[in-house]
Amino acid sequence: MDIIIKNGCIHELDKHLEHSGATKLYIITDDNVGRLYMDKLKGIIDDYTMGIYILTPGEESKSISTVLSIYDALIEQNMDRNGIILSLGGGVVGDIAGFVASTYMRGLKYIQIPTTLLAQVDSSVGGKVGIDYGGYKNMVGSFYFPELSIVDVQFLKTLPRREITCGLGEVLKYGLIWDYGLFKYTVDNMKNIYDGDMDILLEIVERSVAIKKEVVDKDRYDIGLRRILNFGHTIGHSIEACYGFTHYNHGEAVILGMIYESNIAYQMNLIDEGYFEEIYERLKGLVEPIKFDKDDIEKLIHRMKMDKKNIKDRIALVLPVSRGKVKLFMDVNEWLIAKSLEGEWI
Ligand SMILES: NC(=O)c1ccc[n+]([C@@H]2O[C@H](COP(=O)([O-])OP(=O)(O)OC[C@H]3O[C@@H](n4cnc5c(N)ncnc54)[C@H](O)[C@@H]3O)[C@@H](O)[C@H]2O)c1
Ligand SMILES: [Zn+2]
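(A) How the structure looks around the packing of helix α6 (residues 161–178) against helix α9 (residues 198–218). At a closest axis distance of 10 Å, the pairing of α6 and α9 adopts a crossing angle of 60°. Considering the angle they form, α6 stands oblique to α9. Crossing handedness for the pair α6 and α9: left-handed. Contacts between α6 and α9 involve Leu 168, Val 171, Tyr 174 and Trp 178 from the former and Ile 204, Ser 208, Ile 211, Lys 212, Glu 214 and Val 215 from the latter.

(B) Seen up close, the packing of aromatic side chains. Taken as a whole, this structure holds 12 aromatic pairs when the rule is applied. With centroids separated by 5.8 Å and ring planes inclined at 10°, the aromatic side chains of Tyr 110 and Tyr 144 adopt a geometry described as stacked. Pair noted here: Tyr 110 is in strand β5 (residues 109–114) and Tyr 144 is in the loop between β7 (136–143) and β8 (148–152), with a separation of 34 residues, a long-range link. The partly exposed category is assigned to Tyr 144, whose relative accessible area is 23%. Pairwise contacts between aromatic rings join Tyr 260, Tyr 266, Phe 276, Tyr 280, Phe 292 and Trp 345 into one cluster.

(C) A look at the sheet that holds β8. Pairing within the open sheet is parallel, and its six strands lie in the order β1-β8-β5-β4-β2-β3. In the strand order of this sheet, the two ends are held by β1 (2–6) and β3 (49–55), each with one partner. Along the sheet, successive strands turn relative to each other by an average axial angle of 15°, direction set aside. Of the strand pairs in this sheet, strand β2 (residues 24–30) and strand β4 (residues 84–89) are connected by five bridges, and their pairing is parallel.

(D) The site of ligand 1, seen in detail. In the vicinity of ligand 1, 26 residues are found, and the nearest of them are Asp 30, Glu 59, Thr 115, Thr 116 and Thr 158. Taking Glu 59, its side chain carries an N or O atom lying 2.6 Å from an oxygen atom of ligand 1. Between Lys 128 and ligand 1, the recorded distance is 2.8 Å, taken from a backbone N or O atom to a nitrogen atom. Bound to the protein, ligand 1 loses 88% of the 870 Å² it would expose on its own. Elements with a minimum of two residues in the shell around ligand 1: α2 (31–44), α4 (91–103), α5 (117–123), β7 and α6.

Scoring rules and cut-offs
All residue numbers here refer to positions counted from 1 along the written sequence of the relevant chain. Just so you know, chain letters begin at A and ligand numbers begin at 1, following the order they were written in. Per-residue local features of the predicted model are confined to residues with pLDDT of at least 70, and side-chain atom pairs are confined, for both listing and counting, to 80 or more; whole-chain, interface and lining totals are unaffected and use all residues. Only heavy atoms go into the side-chain values, all of them from the structure, while hydrogens and water stay out. Axis lines are fitted through C-alpha atoms, for helices just across the contact stretch, and the angle between N-to-C directions can take any value from 0 to 180 degrees. By the criteria applied, helices consist of DSSP H or I runs no shorter than four residues and strands consist of E runs no shorter than two, each listed in order from the N terminus. Under this scheme an angle from 65 to 115 degrees is roughly perpendicular, one under 35 degrees roughly parallel, and one over 145 degrees roughly antiparallel; angles in between are oblique. It is the rotation of the near helix from the far one that decides the hand of a crossing: anticlockwise by less than a right angle makes it left-handed, clockwise makes it right-handed. Working rule for contacts: check all heavy atoms of both residues, and any pair within 4.5 Å makes them a contact. Between 30 and 60 degrees the pair is tilted, below 30 it is stacked and above 60 it is edge-to-face, where a pair is any two Phe, Tyr or Trp rings, Trp via its six-membered ring, whose centres lie within 6.5 Å. For every residue, the accessible area obtained with a 1.4 Å probe (protein chains only) is divided by the maximum for its type, and the residue is called buried under 20%, exposed over 50%, and partly exposed between those limits. When DSSP finds two or more bridges between two strands, those strands count as paired. The nearness test applies per residue and asks whether one of its heavy atoms lies within 4 Å of the molecule or strand. We call two N or O atoms a polar contact when they sit within 3.5 Å, provided that within protein one can donate a hydrogen and the other can accept it, with sequence-adjacent residues counted only if both atoms are side-chain atoms. All accessibility values rest on the Shrake-Rupley procedure with a 1.4 Å probe; residue burial counts only the protein chains present in the view.

Have a look at this one:
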């Protein structure tokens, strides 16, 4: 899988398409991104026959009914295996477009053009594609790698502030699991990142993608090392789910998850107080931690027990063990988790 990361690299798309020999393109995007960028994209690829599918923005679109309706549109356009699907948008668009590409006619080539920080550093790298089903996120899907990802940080200029925070959750996670220098660089440049400094955004995107790619290359099908990418996610997912997926976006929930999970690591003496305080002080400025009450804690722990890393109903957590390093612990004491969520230390 090739990844091009630059400021302005969207213009390299036509060069790549020429090499691929494709004549037909099918663009999948959402309404917000389409309004902002479709004209620009059309300008770059105007020599091709193309179809366009525009989703309603948001997670609700990541459904089987959307997929069916895209299949119908592809059939109507006579899309065949010589065509290429282009996904232009955030993680929702990327996950659906990739899923459609992986299944329509047993697989079409597809190119990812991620437009959110989260999609650039996370969802467009790693080949996981899919949809939500039966009330569960990402319940149906597969592994299907795009033939190219074009990661152009210019798109981030129009991204709302909360969506930057969302992507930063993953960037900070890469720092804490793999490269403490990236964590430091990101927290030290926070203001510039929110101000849209392209050089700094390019640096954090490049470093994050390199880490995700290295981890994924060593464990393409998520059976070993890749689990470290779950740091902050076990508690983060349970918070996201208990608030009905509306109150916090994914990255915000992951930021909270990293705070509570680091506190658990501190309680277990895996990290010293200085490191815990550093993580806490830096992250609490992005999302305010909560002191959960008894009922909430029960719900959160119940949800954590459903996590796929677990064996039986023991809770497995990825926890920090030193600066920029984490390990998977298969059976973390529930009482410690509850104590962390109570938040007396906040
Ligand atoms: N496949 C994976 O490995 C993987 C990893 C992480 C997350 N995900 C999935 O990603 C999804 C979340 O992705 P997301 O956070 O990108 O959300 P999203 O795709 O919903 O995009 C967030 C919002 O930003 C808007 N937007 C996108 N690009 C924009 C731009 N450049 N300027 C202005 N607005 C823009 C969108 O229209 C949307 O309203 C979830 O469904 C999650 O499950 C997948
Ligand atoms: Zn995540």
